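Descriptive analysis of the structure
Spelled out, the chains give:
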Amino acid sequence: MTSDAVLSMEDITKVYPNGIVANKGVNFSVRTGEIHGLVGENGAGKTTLMQILFGLNQADVGKIFFNGKEIKIDSPHAAIAQGIGMVHQHFMLVPSLTVSENLVLGLEPRRGFIFDKSRGIHITQELSKKYNLKVEPDMLVRDLPVGLKQKVEILKALYRGAKILILDEPTAVLTPQEMVELFNELRQLRDEGNTIIFISHKLAEVKALCNRVTVMRAGKSQGVFNVEDVTEEDISRIMVGRDVILRVEKDVAQPKESVLKVNRLTVVNSFNKRVVDDISFSLRRGEILGVAGVEGNGQRELVEAITGFGSYGLGSILIDGEDIKQLSIKEIRDLGCSHIPEDRMSYGCAPTLSVRMNLLSYKHNRREFNRRFFLMHMSTIRDVSTELVKEYQILCTSTEQEVRCMSGGNIQKVIVAREFSDNPKLIVANQPTRGIDVGATEFIRKRLVELRDRGAAVLLVSADLNEVMELSDSFLVMYGGKINAFIEDVSNFNEEKLGQYMLGLKSQDVDEIGRALHD
Amino acid sequence: MTKAQWRFEFYRTGVVIITAVLLSLLIIVLVSDMPGLAIKLFLTGPLDSLRHFGNLVEMVVPLLFTGLATTVMFTASQFNLGAEGAFFFGAIGAAFIAVNWNLPPVLHPAVAIVWGGIIGSVFCGIPGALKVKWGSSELVSSLMFNYIAFFLGLYLINYLLRDVTAGAMVSFPFANSSKLVKIIPKTRIHTGLFIAVFTVLVMGVFTYRTRWGYRIRVLGTNIEFARYSGINTTWTIVMSQVLGGFLAGMGGSIELLGMYRRFEWQTLPGYGWTGIIVAILAHNNPFYVPLAALFLAYMKIGSDIMSRSTDMPNEFVAIIQGMIIILISASSFLSKQRHKMIVREAIS
Ligand SMILES: Nc1ncnc2c1ncn2[C@@H]1O[C@H](COP(=O)(O)OP(=O)(O)OP(=O)(O)O)[C@@H](O)[C@H]1O
Ligand SMILES: [Mg+2]
């Protein structure tokens, strides 16, 4: 098998500074002209393995062969020199630079000694057109939503012209259309003789795109398979060690009174653009309302307005009848609103604090965690965290482990555990299963339905159409800051039409949309 | 940090200290004409007599306060270097009360110390407030504030509190009731030591065991997450700086009431600067502040004693301090050893 391999990693073992053995004797090899899937549960060691290949991490044991010769990759620089490129799971962009500056960083076009800004922008536009990934060259990266950051990362790697391109969960926040485009692009790159390594938790994607797939579990490789020879179920069984059912069993929703009422909400951003434009809807106890749409059509601003993160100009938002316009984030939380943010690293956690301290977060004022004399109840905090870690199957050495040292999916689980465990009245979940493995996704989806049945109102924002359709009882489609359609009954709708709503080619009439506002 | 990481940081800090000491010995050998005596005095001077030992403890006390002050401000990720100014100005505040007021013992210094603390908190609080209000860098403004503290302080002493009958530019003598009692004969060690030790414990518990400490730590690691957690970040930033300033101001007052009869500083005493090194050396952990303060005080007293009887200048201690800052902040120093240690543990 290694004979025709262009690149192979042999017997790779990696131990992290905190003693976690992320890779144990892993063998991994790829051929020229293939798209090679790499799958495994959260924390299985996929990112670590690829970071070793890209020179961001050093293996403690093991060798890397390139075209049959052993090579040393001790820095990303060395990797790039070998023609290896990587799109990272947690973006590695410079927030204070613009999209185009990030894109050409390190390979800047120059005029004399000076960075040629307009050429940089030109290059960005060309690339963006060529690969059909739309980005604004002049925007600062720190102002971008995650979906766009992802696109910048992908374009950046493509610009560097990698012969071996590693994509670490590139599709987590792309829309179906963008995904189709990306896949076509990747296939074309493959046909031109490049190799692509594709990490994803969405096995359907892996099936559709890859030629072969390596399955990892708990730091070890479970083998390489031809994609034709295995079904999705087979893969997830090898990965998780049991059968996984992603179809959520749920009864018909029994909506009660409204918890959240959004009335003619308008949000104007700093460029004076109406990013949320006069939208109205209500969300009732005991239902899951999905918000579908291509990312960047006002979903983020909507979530920010509801959770108190951003201000809004016109309109009103009522939670349980209370106008939240003047309320602080804390006061909104105290109304029983929990929030899963889309960008877990920037908003959802304190990377250098422990799991315990991250699980505490907004609950630190609660009576149960505090004793007399202003002291916190450390043993209760410890016990509650231990419970949550067990209940949500969070993989960590102990609840004292720094969150920074956990795999992406497990960080997400910490956030989900914190937000779900509090008997929330209203859950605003923005991409709740982003980057989570199939087993955990199943778990989180079940939980959401359970919470719904216990009377919570759930606003589910997701770029993953499957998720929206699978989980929601009804859903909105947002386009250009407006609600373009309201689909009341998820079980019967026209998929083609939905695509047209999402792209703004069609919209429902005012009366149909008006149904989103109950009573 | 996990326990294992603390353990390693402890070890690493130890190596840094030893390296710094060895390098300073090397410098002595290279520079001095009497290296043997110099080294002996430098290393054992602080312990060779009760008086010298007293000097050591006397120096530890103010460093505990400025170290704690900087620690709490740094924990909030605010690089406020105002402890020096707050220490100085807090002492001036205390001087006014010590000179002008008439109160029973115990109460008199207590009031003076609290007053000094309040003045100190204004001093560190302002750069914090400027930061949250207008986004001005607290590093820059706190540095400049130190000079304002210094010159304004001298002005106040000169025009309001100066004893013209005394030969030098000093204040009127402090009321006897205001002074902190000496506790060990033949030294100047005073009751401020107890207050300092108690404050260390309070600050340790505050940082790791109370919700305010929690807020400051969350804020210091990720301000967006702090906001998301419903923490009032503006308030927390300002309060952490105010608290830091309070500790520094208290330290200045205690130093003054424990060690002096009149206000007589003509320059910034420098404990605030050293306090920054204390905080860095203690990794912003209040419980490690005493160790760090003791070490730095030892170096300082050692070199003072050495400079008195040999040709080595006592400024030489600045070299050690510089070296320590560089080594500690060089995060990759010894990281290979750490990794080997961990790999060995993990694989076996
Ligand atoms: N910087 C780090 N320091 C210490 N431990 C780490 C670090 N990064 C990852 N780990 C640990 O190594 C293991 C493997 O992590 P890795 O990120 O490679 O998983 P993954 O397969 O990419 O998971 P995911 O699907 O969640 O992204 C995890 O147990 C994680 O806790
Ligand atoms: Mg990963």
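Residues numbered from 1 in each chain as written. Chains lettered and ligands numbered in written order. Predicted model: local features only at pLDDT ≥ 70, side-chain atom pairs only at ≥ 80, totals over all residues. Heavy atoms only, no water.

1. Some thoughts on unusual backbone geometry
Here the phi dihedral of E169(A) falls at roughly 50°; this positive angle occurs in a residue that is not glycine. Counting through the fold element by element, E169(A) comes out in the loop between β9 (164–168) and α6 (176–191). Phi at S77(B) is positive, roughly 60°, even though this residue is not glycine. Secondary-structure assignment places S77(B) in the loop between α3 (50–75) and α4 (83–100). (Helix = DSSP H or I, 4+ residues; strand = E, 2+ residues; numbered from the N terminus.)

2. So, the side chain of T66(B)
Residues and elements named next belong to chain B. Checked against the element boundaries, T66 lands in helix α3. Here the side chain of T66 touches L63 through a polar contact of 3.4 Å, landing on its backbone oxygen. Discounting chain neighbours no more than four positions away, the residues touching T66 are A83, F87, Y271, G272 and G275. (Polar contact = N/O pair within 3.5 Å; in protein donor to acceptor, adjacent residues only side chain to side chain. Contact = heavy atoms within 4.5 Å.)

3. A few points about the nonpolar core
Counting 133 residues, the largest nonpolar core has F420(A), F263(B) and I324(B) as the members making the most contacts within it. It is α4(B) that provides the largest number of residues to this core, a total of 12 residues. Composition of this core by domain shows at least three residues from each of domain 2 (245–336 + 424–519) and domain 3 (344–423) of chain A. Among residues more than four places away in sequence, those in contact with F420(A) are I340(A), Y392(A), I427(A), I444(A), R447(A), L448(A) and L451(A). Counting residues in each nonpolar core, the second largest holds 41 residues, with L155(A), L189(A), C210(A) and V240(A) among its members. (Core = buried A, V, L, I, M, F, W, Y, C linked by side-chain atoms within 4.5 Å. Buried < 20%, exposed > 50% of the residue type's maximum accessible area, 1.4 Å probe, protein only. Domains from an automatic or database assignment.)

4. Side note on empty space enclosed by the protein
According to the stated counting rule, one finds two cavities of 30 Å³ or more in the structure shown. Taken as a whole, the largest cavity holds about 40 Å³ of empty space. In terms of lining residues, the largest cavity is bounded by T307(A), F309(A), I329(A), I332(A), R333(A), C337(A), H339(A) and Y228(B). Listing elements by their share of the lining of the largest cavity, those giving two or more residues are α10 (329–334) and β18 (337–340) of chain A. Looking at which element gives the most residues to the lining of the largest cavity, the answer is α10(A), with three residues. Here the lining of the largest cavity is built from residues that sort into five nonpolar, two polar and one charged. (1 Å grid on protein atoms, 1.4 Å probe; cavity = no way out; pocket = protein on both sides within 12 Å on 5 of 7 lines; lining within 4 Å. Points joined across faces, edges and corners; volume = space filled by probe spheres on them. Nonpolar A, V, L, I, M, F, W, Y, C, P; charged D, E, K, R; others polar.)

5. Details of the site of ligand 1
Residues and elements named next belong to chain A. Of all residues adjacent to ligand 1, which total 20 residues, the nearest are G43, T47, T48, C405 and G409. Burial of ligand 1 by the protein amounts to 89% of the accessible area it has alone, namely 630 Å². Where the shell around ligand 1 is concerned, the elements lending two or more residues are α1 (46–53) and α14 (408–420). Considering every element that reaches the shell around ligand 1, the biggest residue donor is α1, with three residues. When the residues that make up the shell around ligand 1 are grouped by side-chain class, the tally is six nonpolar, 11 polar and three charged. (Near = heavy atom within 4 Å. Areas by Shrake-Rupley, 256 points an atom, 1.4 Å probe, with all protein chains shown as cover.)

6. Points about the confidence of the model for chain B
Scored by pLDDT, chain B has a mean of 87; 93% of the residues are at 70 or more. Interface predicted TM-score (ipTM) for the complex: 0.82; the corresponding pTM is 0.80. (pLDDT = per-residue confidence, 0-100.)

7. Observations regarding a nonpolar patch on the surface
Where nonpolar side chains cluster on the molecular surface, the patch consists of V114(B), W115(B), I118(B), V122(B) and I126(B) and spans about 400 Å² of accessible area. Along the chain, V114(B) turns up in helix α5 (residues 107–134). (Patch = residues over 30% accessible without salt bridge, like charges linked within 9 Å, V, L, I, M, F, W, Y side chains within 5 Å. Salt bridge = Lys/Arg side-chain N within 4 Å of Asp/Glu carboxyl O.)

8. Some points on the interface of chain A and chain B
Taken together, the 44 residues of chain A in the interface contact 28 residues of chain B. Summing the contributions of chain A and of chain B, the shared interface buries around 3,000 Å²; its carbon and sulfur component is 60%. At the surface where chain A touches chain B, the tally comes to zero salt bridges. Looking at the side of chain A that touches chain B, the elements that each hand over two or more residues are β1 (5–15), α10, β18, α11 (344–348), α12 (355–360) and α14 of chain A. For the side of chain A that touches chain B, the element with the most residues is α11(A), which contributes four residues. Residues of the side of chain A that touches chain B, tallied by class, amount to 22 nonpolar, 13 polar and nine charged. (Buried area = accessible area lost by both parts, 1.4 Å probe.)

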